[in-house]
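Here are the chains, one letter per residue:
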Amino acid sequence: MRAPGVLTNRGQMFLALGAIVAIAGIVLGYRDVTRIGLLLVILPLLALLLVRPTPPSLRVTRVVTPARLHPDQQGTVEVQFTNVGRRPTPLFLAEEQFDYALGDRPRFLLPRMVPGEGRKLRYTVRSRHRGAFFVGPITLRRRDPFGLTHVALQLPATVELLVLPHVWDLGNRRVAGQGRGTEGELPQMVSLHGEDDVSIRQYRDGDELRRVHWPATAHRGEIMVRQEDRPARRRAVLLLDSRAGAYPGSGYQVSFEWAVSAVASLARHLIKDGFVIHLLTHRTVEDGSAGVQIGLDQALSVLARAQPDQDPSLEPLAAAAHSFTSGGVLLISVVVAHDETELRHLAAVREPGSAAMAMVLAPEAFSGGRESRKDRVQAQRHTGLLTQAGWQTVLVGPEDSVPVSWERLRAARRTGALT
């Protein structure tokens, strides 16, 4: 990609002044003045021919270290330029292009390079907010020696830089299994993908003595027991309300970032606790990846790219979640108390005897203005729709951190809904 060479302000002045002087010389009959005017006109035109907008034969490769950053973490970008052409390259003023969220765009002089020669450039980037950012392309600028013209070229190579959402530590307390398909309730249940058979393991408090494997005990010097059934893996479904219309404001939305951070923190906490998780957003439901169990790295990558979706309804997410809850899993949702009808779709997902939990965001509290009593009552009423359907809920605002909200939600599993 390239832009044609153009005259600078100095070049335009030379061209205009030369035309005026040439015309004045012709009118007044002064040949020398006319020659000077023609020289002033020809000079910028010759500069345009000298600085031809021909893209150089440069190969650009980038390496970002680390490839995935956390908010406020500093990363290093190493750019390698290699002249793969047959001619030396001219001197360029280069500028890297990327989102200003990563910091100031570096500018540097790219010296002349003979064929086969390479140059390396290093600079640092840092972002306060999560997201998928593209580093590149590089813009090259060149001027003639007189500063009459300039040309801008682009080297189109880019690389993606991923800034992960902020992940909070939710403590070491295990999530109690409830509902069908949870650990210990259906020992005959077949394990999920890739679990290995375990025939002998160490003794645990509560194991029956008839299951002691005496030969292995004598060999190992510690009590070993037979593992007759493979342990059932607990499953959890994490649902992120990604409706753009449900979150107040535009641009950087504090409420949506809170929700994404909450889901990311829950994903790490549940996977650490031995759960297999599924991630439900409008995008994962559309592309079919919601039905596939997801690891922590992949979950964080998906959430780093998450953006508010224009779909105004929770119904697709509720339908996808119902295919899991009918089999008995732990469902945890992070939703906005925005629309009563849409929340009724979600409330109906919970099956009798299954566990469903929700962090409900009060939208007016996140809007930046002062939340009225009427707004608070309305948010509580919307939260009550889930509570009446048997959900454990907690209503949160911008002053509530994710770890505190999680502890309140855990307490709601024992005492009922908290608002």
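Predicted model, so just to flag it, every value in this text is computed and none were measured.

1. Things to note about the sheet that holds strand β3 (residues 68-69)
- With respect to topology, three strands assemble into an open sheet ordered β3-β11-β8, the strand pairing being mixed. The outermost strands of the open sheet, each flanked by one partner alone, are β3 and β8 (131-135).
- Where β8 meets strand β11 (residues 159-163), five bridges bridge the pair, whose relative direction is antiparallel. Considered in β11, the bridge of F134 is made with E160.
- Most of the contacts of helix α6 (residues 296-304) go to β11, to which it runs at about 100°, and overall it touches β3, β8 and β11.

2. A word on the packing of aromatic side chains
- Here the structure, examined in full by the defined rule, presents three aromatic pairs.
- Between F98 and Y123, the aromatic rings sit 6.1 Å apart at their centres with planes inclined by 25°, giving stacked as the arrangement. Placement of F98 in the loop between β5 (92-96) and β6 (107-110) and of Y123 in strand β7 (residues 118-126) is noted, with a sequence separation of 25 residues between them. Across the pair, exposure class does not vary: F98 and Y123 are buried alike.
- Taking 5.1 Å as the distance between ring centres and 85° as the angle between the ring planes, the aromatic pair formed by Y247 and F256 counts as edge-to-face. Taken individually, Y247 and F256 each receive the classification buried, so the pair is uniform in this respect.
- Between the NZ or CZ atom of R105 and the centre of the ring of Y100, over which it lies, the distance is 4.2 Å.

3. Structural notes on the pattern of salt bridges
- By the definition in use, this model includes 18 salt bridges.
- One salt bridge connects R122 with E78, and the closest N-O pair in it is separated by 2.7 Å. Highlighted residues: R122 in strand β7 and E78 in strand β4 (residues 74-83), separated in sequence by 44 residues.
- Given the relative accessible area of 57%, R122 is considered exposed.
- Overall, E78 belongs to the partly exposed group, its relative accessible area being 21%.
- Residue R408 is joined to D400 by a salt bridge in which the shortest nitrogen-to-oxygen separation is 3.9 Å.
- Salt bridges sharing partners connect three or more residues here, namely E78, K120 and R122.

4. What about helix α10 (residues 373-388)?
- With 16 residues, α10 should reach 22 Å at 1.5 Å per residue; the first-to-last C-alpha distance of 22 Å fits that figure.
- Among the residues of α10, those classed as buried are A379, H382, T383, G384, L385 and L386.
- Lining the buried residues of α10 we find β16 (330-336), α8 (340-347), β17 (356-361) and β18 (392-396).
- Positioned one or two residues after α10, G390 has a phi angle of 95°, which is positive.

5. Concerning the environment of E342
- Tracing the chain through its elements places E342 in helix α8.
- E342 sits 29 residues away from S313 along the chain, and the two C-alpha atoms are 6.3 Å apart.
- Contacts of E342, omitting those with residues within four sequence positions, involve R243, P312, S313, L314 and E315.

6. Here we look at the confidence of the model for the protein chain
- For the protein chain, mean pLDDT is 85; residues scoring 70 or higher make up 87% of the total.
- Contacts from residues 178-198, a stretch scored under 50 in pLDDT, to residues over four places away or in other chains number 43 contacts.
- Counting contacts from residues 414-419, a segment whose pLDDT is below 50, to residues more than four positions away or on other chains yields 15 contacts.

7. Concerning the nonpolar core
- Counting residues in hydrophobic clusters, the biggest one holds 42 residues, and the most contacted among them are L238, W258, L270, L330, V334, L361 and W406.
- Top element by residues in this core is helix α4 (residues 254-272). It accounts for 10 residues.
- Core analysis: the next-biggest nonpolar cluster, separate from the first, contains 28 residues, L314, L317, A365 and W391 among them.

8. Details of unusual backbone geometry
- The step from T65 to P66 runs through a cis peptide bond, and the omega angle for that step is -10°.
- Mapped onto the fold, P66 is located in the loop between β2 (58-65) and β3.
- Of the consecutive residues G136 and P137, the connecting peptide bond is found in the cis state with omega at 0°.
- Examined against the element boundaries, P137 turns out to sit in the loop between β8 and β9 (138-143).

9. A closer look at the sheet that holds β2
- Overall, antiparallel pairing links the three strands, which are arranged β2-β4-β7 in an open sheet. Edge positions in the sheet fall to β2 and β7, since each of these pairs with one other strand and no more. Sheet twist, expressed as the average angle between the axes of neighbouring strands with direction ignored, equals 20°.
- Relative to β4, β2 runs antiparallel, the two sharing eight bridges. Directly across from R59, in β4, lies its bridge partner T82.

10. Considerations on the packing of α8 against α10
- Axis separation between α8 and α10 bottoms out at 9 Å; the angle between their running directions is 20°. One element, α8, and the other, α10, form an angle in the roughly parallel class. For the pair α8 and α10, the crossing hand works out as right-handed. Together, E340, L343, R344, L346 and A347 of α8 and R381, H382, L385 and L386 of α10 make up the contact between the two elements.
- In terms of residue class, the contact of α8 with α10 is built from five nonpolar, one polar and three charged.

So, how was this worked out
Numbering of residues starts from 1 in every chain and runs along the sequence as written. Note on the predicted model: pLDDT of at least 70 is required for a residue's local features to be given, and 80 or more for side-chain atom pairs to be given and counted; whole-chain, interface and lining totals, by contrast, use all residues. Computation of side-chain values: all heavy atoms of the structure, hydrogens and water removed. Paired strands, in this sense, are two strands between which DSSP finds at least two bridges. What counts as a helix is a DSSP run of H or I of at least four residues, what counts as a strand is a run of E of at least two, and both are numbered from the N terminus. We call two residues in contact when some of their heavy atoms are within 4.5 Å. Each axis is a line fitted through C-alpha atoms, taken for helices only over the stretch in contact, and angles between the N-to-C directions span 0 to 180 degrees. Aromatic contacts are taken between Phe, Tyr and Trp rings whose centres are within 6.5 Å, Trp giving its six-membered ring; a plane angle under 30 degrees counts as stacked, one over 60 as edge-to-face, and the others as tilted. Think of it in three bands: residues with accessible area under 20% of the maximum for their type are buried, residues over 50% are exposed, and the middle band is partly exposed, with areas taken using a 1.4 Å probe on protein chains only. Only when the NZ atom of a Lys or the CZ atom of an Arg is both within 6 Å of the ring centre and within 35 degrees of the ring normal do we say a charge sits over the ring. Here a salt bridge means any side-chain nitrogen of Lys or Arg lying within 4 Å of a carboxyl oxygen belonging to Asp or Glu. Here a helix's expected span is defined as the number of its residues, less one, multiplied by 1.5 Å. The pLDDT value expresses, per residue, how confident the predictor is, ranging between 0 and 100. Residues grouped as a nonpolar core are buried Ala, Val, Leu, Ile, Met, Phe, Trp, Tyr and Cys residues, joined through side-chain atoms within 4.5 Å. An angle below 35 degrees is treated as roughly parallel, one above 145 as roughly antiparallel, one from 65 to 115 as roughly perpendicular, and anything else as oblique. Take the far helix as the reference: if the near one is turned anticlockwise from it by less than a right angle, the crossing is left-handed, and if turned clockwise, right-handed. Under the scheme applied here, ten amino acids are nonpolar (Ala, Val, Leu, Ile, Met, Phe, Trp, Tyr, Cys and Pro), four are charged (Asp, Glu, Lys and Arg), and all others, including Gly, are polar.

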